[in-house]
Amino acid sequence: MKYLIETIGCQMNVCESDTLSEALSDYEMLKVSNVSDADIIILNTCSVRSQAEQKAFSYIGRIEDLKKQNPNVKVVVIGCMAERLGTKIRKRFKSVDLVLGIKDIDKFALKIVNLCKFNTVNSDVLVNNTSQIISYVTIIRGCNNFCSYCVVPFVRGREVSLDNQTILNQCQKFVQNGTKEIMLLGQNVNSYKYGQTNFVSLVRDICKIDGLKRLRFMTNHPKDLSDELIELIANEKKICHHIHLPMQSGSNKILKAMNRKYTYEYYLELVYKLRTKVPEISITTDIIVGFPEETDKDFNDTFEAIKNIRFDGLYVFKYSPRPNTKASNMLDDVPLEEKKNRLSIILNEANKISSEIVSSMVGKTLEVLTDNFYDNTLEAKTKSGRKVFIKNANKDYLGKILNVCIEESKVHSLFGNIVV
Ligand code: 5AD
Ligand code: SF4
């Protein structure tokens with residue numbers, strides 16, 4: 001049996017797709033990358049913004065055509081949108097055979113296998129789990145923050161921290177199988193708490209794993225970023241110097257309406273602390289434009305904040321009302337054209353800043369971890385999370401920590417050669 005898994009959404013979804021793939025491989029299912037080769041098509045969906053749901057709908061629409069040609073192919077929809085809409089998806093799309101939310105993900109593989117009335121085949125025709133250079137590990141599920149625009153607490157439920165020993169065992173297993181970098185995931189990793197173990201002690205324990213070279217984590221809610229964690233980032237060599245710290249807006253009025261529980265001044269102070277303690281830290285962020293009642297002045301506050309802070313990377317989204325959220329009861333009063341306009345103003349500025357930051361890296365030697373190889377090019381990442389491409393490279397360098405001299409830069413990326 002061959003399956004294809006298509007993932008829409010955040011790193012957490014990527015992580016959950018990986019977990020499902022691993023479970024399916026226990027049932028001797030083979031992963032393929034071509035839709036026409038698949039007996040089962042699994043779509044992992046996202047609900048955070050309406051655009052993500054539209055993307056899933058159009059993907060299912062395309063599969064419907066495929067299913068007309070090959071009625072035996074099974075279609076499974078999983079993830080946040082599956083959780084949110086449940087059986088409505090099957091009512092709308094007759095081609096969908098099974099809808100599985102996000103709760104009980106551990107049982108998904110079995111349900112999918114049962115759907116296919118699958119007979120086991122001789123195991124020697126199947127590939128083993130490939131080793132991953134970078135592995136994702138979920139440490140906390142759900143969210144208790146209820147930012148007024150966000151659907152996550154409604155679809156993923158309240159925060160649940162996973163057993164620290166299970167997390168450690170999983171990290172150890174990944175490292176034994178060749179993983180060099182681990183990314184810990186959660187909507188708000190800083191509120192991790194399992195028994196006596198908090199986020200800082202968990203990170204300390206994971207860093208002790210022999211053979212692990214790098215550790216990253218995301219996402220940090222600014223209100224919960226502790227001084228203790230900043231100290232740890234500064235002192236623990238394996239922790240990458242990158243933090244994703246969603247600011248969302250530079251206007252205190254909007255931050256309050258978003259229920260973010262911090263002010264712009266507080267956020268700025270955090271940035272200052274981080275840059276003082278960890279001078280080379282890269283700070284990335286998320287911004288929403290066109291939140292209800294965002295005036296030109298509010299937008300300008302965000303724009304000025306971006307110019308002032310000079311983020312290393314930035315994701316910007318047009319506000320879209322999501323079901324059940326507090327903001328969905330507010331008037332969505334910023335016209336779409338204005339949202340688009342604000343988004344492009346932010347994006348232009350962010351790209352300008354990013355270009356300046358990367359061009360200042362030209363001529364420097366940076367430590368990278370190579371994690372991909374194609375067309376004679378090695379793809380690598382700096383500790384700060386910046387992509388580096390090494391052209392005309394040897395595949396033997398894949399999965400290695402190397403020093404690279406940066407020769408050229410583009411808007412977000414760097415190009416360089418290995419320093420022997
Ligand atoms: N509209 C637009 N952007 C949103 N995000 C979350 N909910 C919404 C929404 N309703 C953005 C936030 C968050 C990122 C993952 O998605 O910026 O940090
Ligand atoms: Fe959503 Fe806020 Fe929780 Fe992030 S912290 S998942 S934006 S509710």
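Cut-offs used in this document
- Residues numbered from 1 in each chain as written.
- Chains lettered and ligands numbered in written order.
- Predicted model: local features only at pLDDT ≥ 70, side-chain atom pairs only at ≥ 80, totals over all residues.
- Heavy atoms only, no water.
- Near = heavy atom within 4 Å.
- Nonpolar A, V, L, I, M, F, W, Y, C, P; charged D, E, K, R; others polar.
- Domains from an automatic or database assignment.
- Contact = heavy atoms within 4.5 Å.
- Buried area = accessible area lost by both parts, 1.4 Å probe.
- Salt bridge = Lys/Arg side-chain N within 4 Å of Asp/Glu carboxyl O.
- Pairing = 2+ DSSP bridges.
- Helix = DSSP H or I, 4+ residues; strand = E, 2+ residues; numbered from the N terminus.
- Axes fitted to C-alpha atoms, helices over the stretch in contact; angles between N-to-C directions.
- Polar contact = N/O pair within 3.5 Å; in protein donor to acceptor, adjacent residues only side chain to side chain.
- Areas by Shrake-Rupley, 256 points an atom, 1.4 Å probe, with all protein chains shown as cover.
- Buried < 20%, exposed > 50% of the residue type's maximum accessible area, 1.4 Å probe, protein only.
- Expected span 1.5 Å × (residues − 1).
- Phe/Tyr/Trp six-rings, centres within 6.5 Å; stacked < 30°, edge-to-face > 60°.
- Lys NZ or Arg CZ within 6 Å of the ring centre and 35° of its normal.

1. Some thoughts on the site of ligand 2
Every residue close to ligand 2 is listed here: Cys143, Asn145, Phe146, Cys147, Tyr149, Cys150, Val152, Pro153, Gln187, His221 and Arg260. Each residue belonging to the shell around ligand 2 can be placed in one class, and the counts come to seven nonpolar, three polar and one charged.

2. Observations concerning the domain arrangement of the protein
Under the domain assignment, the protein is made up of domain 1 (2-115), domain 2 (130-240), domain 3 (241-359) and domain 4 (365-418). Its C-alpha centre places domain 2 at a distance of 24 Å from the equivalent point of domain 3. Counting from both sides, the interface comprises 23 residues of domain 2 and, opposite them, 31 residues of domain 3. The contact between domain 2 and domain 3 buries some 2300 Å² in all, and 63% of this surface belongs to carbon and sulfur atoms. On the domain 2 side of the contact with domain 3, Ser148, Tyr149 and Pro222 bury the most area, a combined 32% of that side's loss. Counting across the interface, domain 2 meets domain 3 through two salt bridges.

3. Some remarks on the sheet that holds strand S2 (residues 30-31)
Spatially, S2-S1-S3-S4-S5 is the arrangement adopted by the five strands of the open sheet, whose pairing is parallel. At either margin of the open sheet sits one strand with a lone partner, and together these are S2 and strand S5 (98-100). Alignment of strand S4 (residues 74-79) against S5, held across three bridges, turns out to be parallel. Along S5, the bridge assignment pairs Val77 with Val99. Helix H1 (residues 11-26) contacts strand S1 (2-7), S2, strand S3 (40-45) and S4 of the sheet and is inclined by roughly 170° relative to S1. Set on the sheet, helix H2 (residues 50-69) makes contact with S1, S3 and S4; between it and S3 the angle comes to about 170°.

4. Let's talk about the site of ligand 1
Surrounding ligand 1, one finds Val48, Arg49, Tyr149, Gln248, Asp286, Ile288, Phe317, Lys318, Tyr319, Ser320 and Arg322. Note that an oxygen atom of ligand 1 is positioned 2.5 Å from one of the side-chain N or O atoms of Arg49. A distance of 2.7 Å is found between an oxygen atom of ligand 1 and a side-chain nitrogen or oxygen belonging to Gln248. Protein chains bury 86% of the 410 Å² of accessible surface belonging to ligand 1 in isolation. Of all the elements in the fold, those that place two or more residues in the shell around ligand 1 are strand S14 (282-289) and strand S15 (313-318).

5. What about the sheet that holds strand S6 (residues 134-138)?
Across the sheet, which stays open at both edges, the three strands sit in the order S6-S9-S12 with parallel pairing between neighbours. Single-partner strands in this sheet number two, and they are S6 and strand S12 (214-218). Each strand of the sheet is rotated relative to its neighbour by a mean of 20°, with strand direction disregarded. Two strands pair when backbone bridges link them, and S6 and strand S9 (residues 181-185) are joined in this way by five bridges, in the parallel orientation. Paired with Thr138 across the two strands is Leu185, which belongs to S9.

6. Quick notes on the environment of Ser359
Along the polypeptide, Ser359 turns up in helix H13 (residues 336-359). Given a relative accessible area of 39%, Ser359 falls into the partly exposed group. Residues Ser359 and Ser409, spaced 50 residues apart in sequence, show a C-alpha to C-alpha distance of 5.4 Å. Of note is the side chain of Ser359, whose polar atom sits 3.2 Å from the backbone oxygen of Glu356.

7. Observations concerning H13
Compared with an ideal rise of 1.5 Å per residue, which puts 24 residues at 34 Å, H13 spans 34 Å between its outermost C-alpha atoms and is within 8% of the ideal. For H13, every residue scored as buried is listed here: Lys339, Arg342, Leu343, Ile346, Glu349, Ala350, Ile353, Ser354, Ile357 and Val358. Close packing links the buried residues of H13 with S14, helix H12 (296-309), S15, strand S19 (401-409) and strand S20 (414-418).

8. Considerations on the packing of aromatic side chains
Taken as a whole and judged by the stated rule, the model has eight aromatic pairs. For the ring pair Phe146 and Phe154, a centre distance of 5.5 Å and an interplane angle of 80° mean the geometry is edge-to-face. Taken together through their ring pairs, the aromatic side chains of Tyr262, Tyr266, Tyr267 and Phe311 make up a single cluster. Sitting above the plane of the Phe317 ring, Arg49 keeps its charged end 3.6 Å from the centroid. Looking at Arg92, its charged tip hangs above the ring of Phe57, at a distance of 4.1 Å from the centre.

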